[in-house]
Amino acid sequence: MIEFFEADEIEKMRPAGRFVADTLTELRDDIVDVGTDLLEIDAFVRDRIKSHGATSCYVDYHPSFGSKPFGHYICTSVNDAVLHGLPHRYRLRDGDLVSLDLAVNVNGWVADSAISFNVGQPRTDDQRMIETCRAALDAAIDVALPGNRIGDISSTIGNILTQAGYGVNTDFGGHGVGRTMHGDPHIPNNGRAGKGMTLKPGLAIAIEPWVLNTTDRYRFDSDGWTLRSADGSRGAHMEHTIVVTDNEPIVLTERA
Ligand code: MF3
Ligand code: CO
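All figures in this text were calculated on a predicted structure; none of them were measured in a lab. (Residues numbered from 1 in each chain as written. Chains lettered and ligands numbered in written order. Predicted model: local features only at pLDDT ≥ 70, side-chain atom pairs only at ≥ 80, totals over all residues. Heavy atoms only, no water.)

1. As for the environment of Asp-112
So, step 1. Mapped onto the elements of the fold, Asp-112 is located in strand E5 (residues 109-118).
So, step 2. Judged by its relative accessible area of 2%, Asp-112 falls in the buried class.
So, step 3. If sequence neighbours within four positions are ignored, Asp-112 has contacts with Tyr-58, Asp-101, Leu-102, Ala-103, His-175, Met-181, Ala-206, Glu-208, Glu-239, His-240, Thr-241 and Thr-253.
So, step 4. Polar side-chain contacts of Asp-112 include one of 3.0 Å to the side chain of His-175. (Helix = DSSP H or I, 4+ residues; strand = E, 2+ residues; numbered from the N terminus. Buried < 20%, exposed > 50% of the residue type's maximum accessible area, 1.4 Å probe, protein only. Contact = heavy atoms within 4.5 Å. Polar contact = N/O pair within 3.5 Å; in protein donor to acceptor, adjacent residues only side chain to side chain.)

Okay, structure coming up:
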């Protein structure tokens, strides 16, 4: 079922967006660096969620592809891992590529956002993937206008990723957001312009392009969660939660 939220409901979603955005900014700028353990990142997020009186969307999350409930507070995907990285004991090394994906419930409303960045020395290939995902996300947000369709978002993402030379895998993509983390509609990271549901004011969605450097294939780790490239190449992921309005979309998870 697709829900359209009223203006007062959208206002109530803002604190979740702010919380997720601020947490990711703080992690990137002040917490995550060469030498940081992924479990320290998870503990930081756990404590920040608790002290804010918010609740995690991840801890008890148990979809069909997960072998067990996620059991952690943030996805930490490193290097050839790109999505759903299960935090584990690992100290980040110089040049590692980290993707952090966070969805939190604040006062009954959810926001979902992801960023990728290098710790220590940036790598050219990684920066290119990150910039391409960012460009795809920005362009997709720009076409999230009433009267346009889901296919316009999907094709905008797919075209930018493809033109940059990346393969596109549509098994995981964007989704409706609201009182829960995942709702309809599904938003594939590729598709045909002019197709699919028509966007209307009040639609809240997470848009989340991701790429792998030299493949469009992945495998899961034995932890049942961490999604890794099939060929060992690295991956990047960028995600925002937005709301379609009569005018420009509201980016609930916009970072300072
Ligand atoms: N937030 C992710 C998404 O963008 C989902 C992560 S599910 C988890 O849809 F349980 F693995 F964290
Ligand atoms: Co998402």
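Picking up where we left off.
2. Considering the sheet that holds strand E10 (residues 218-220)
Strand-to-strand pairing in sheets goes through backbone hydrogen bonds, with the strands running parallel or antiparallel.
So, step 1. On the basis of which strands lie adjacent, the open sheet formed by three strands has the order E3-E11-E10 and antiparallel pairing. On the outer flanks of this sheet lie strand E3 (81-83) and E10, each paired with one strand and no other. Neighbouring strand axes in the sheet, compared pairwise and without regard to direction, differ in orientation by 45° on average.
So, step 2. In this structure, E3 lies alongside strand E11 (residues 227-229), joined through two bridges in antiparallel fashion. (Pairing = 2+ DSSP bridges. Axes fitted to C-alpha atoms, helices over the stretch in contact; angles between N-to-C directions.)

3. Quick notes on the pairing of strand E8 (residues 204-207)
So, step 1. Burial of the side chains of E8 extends over both faces: Ala-204 and Ala-206 are buried on one face and Ile-205 and Ile-207 on the other.
So, step 2. In terms of strand pairing, strand E6 (residues 174-176) meets E8 through two bridges, oriented antiparallel. Residue pairing across strands places His-175 opposite Ala-206, the latter belonging to E8.
So, step 3. The pairing of E8 with strand E13 (residues 240-243) spans four bridges and is antiparallel. Residue pairing in the sheet places Ala-204 in a bridge with Val-243 of E13.

4. Here we look at the packing of helix H3 (residues 124-142) against helix H4 (residues 150-163)
So, step 1. One can describe the packing of H3 onto H4 by two numbers: an axis separation of 9 Å at closest approach and a directional angle of 155°. The orientation of H3 with respect to H4, classified from their angle, is roughly antiparallel. Crossing angle aside, the handedness with which H3 passes H4 is right-handed. Of H4, the residues touching H3 (which contributes Thr-132, Ala-135, Ala-136, Ala-139 and Ala-140) are Ile-153, Thr-156, Ile-157, Ile-160 and Leu-161. (Parallel < 35°, antiparallel > 145°, perpendicular 65-115°, else oblique. Left-handed = near helix turned anticlockwise from the far one by under 90°.)

5. Some words on the pattern of salt bridges
Pairing between side chains of opposite charge can happen when the charged atoms of each approach one another.
So, step 1. Enumeration over the complete set of coordinates arrives at eleven salt bridges.
So, step 2. Note that Arg-28 is salt-bridged to Asp-29, the shortest N-O span being 3.0 Å.
So, step 3. Residue class for Arg-28 comes out partly exposed when judged on its relative accessible area of 30%.
So, step 4. Through salt bridges with shared partners, a single network forms among Asp-80, Asp-221 and Arg-228. (Salt bridge = Lys/Arg side-chain N within 4 Å of Asp/Glu carboxyl O.)

All we've got here are geometric facts, nothing functional implied.
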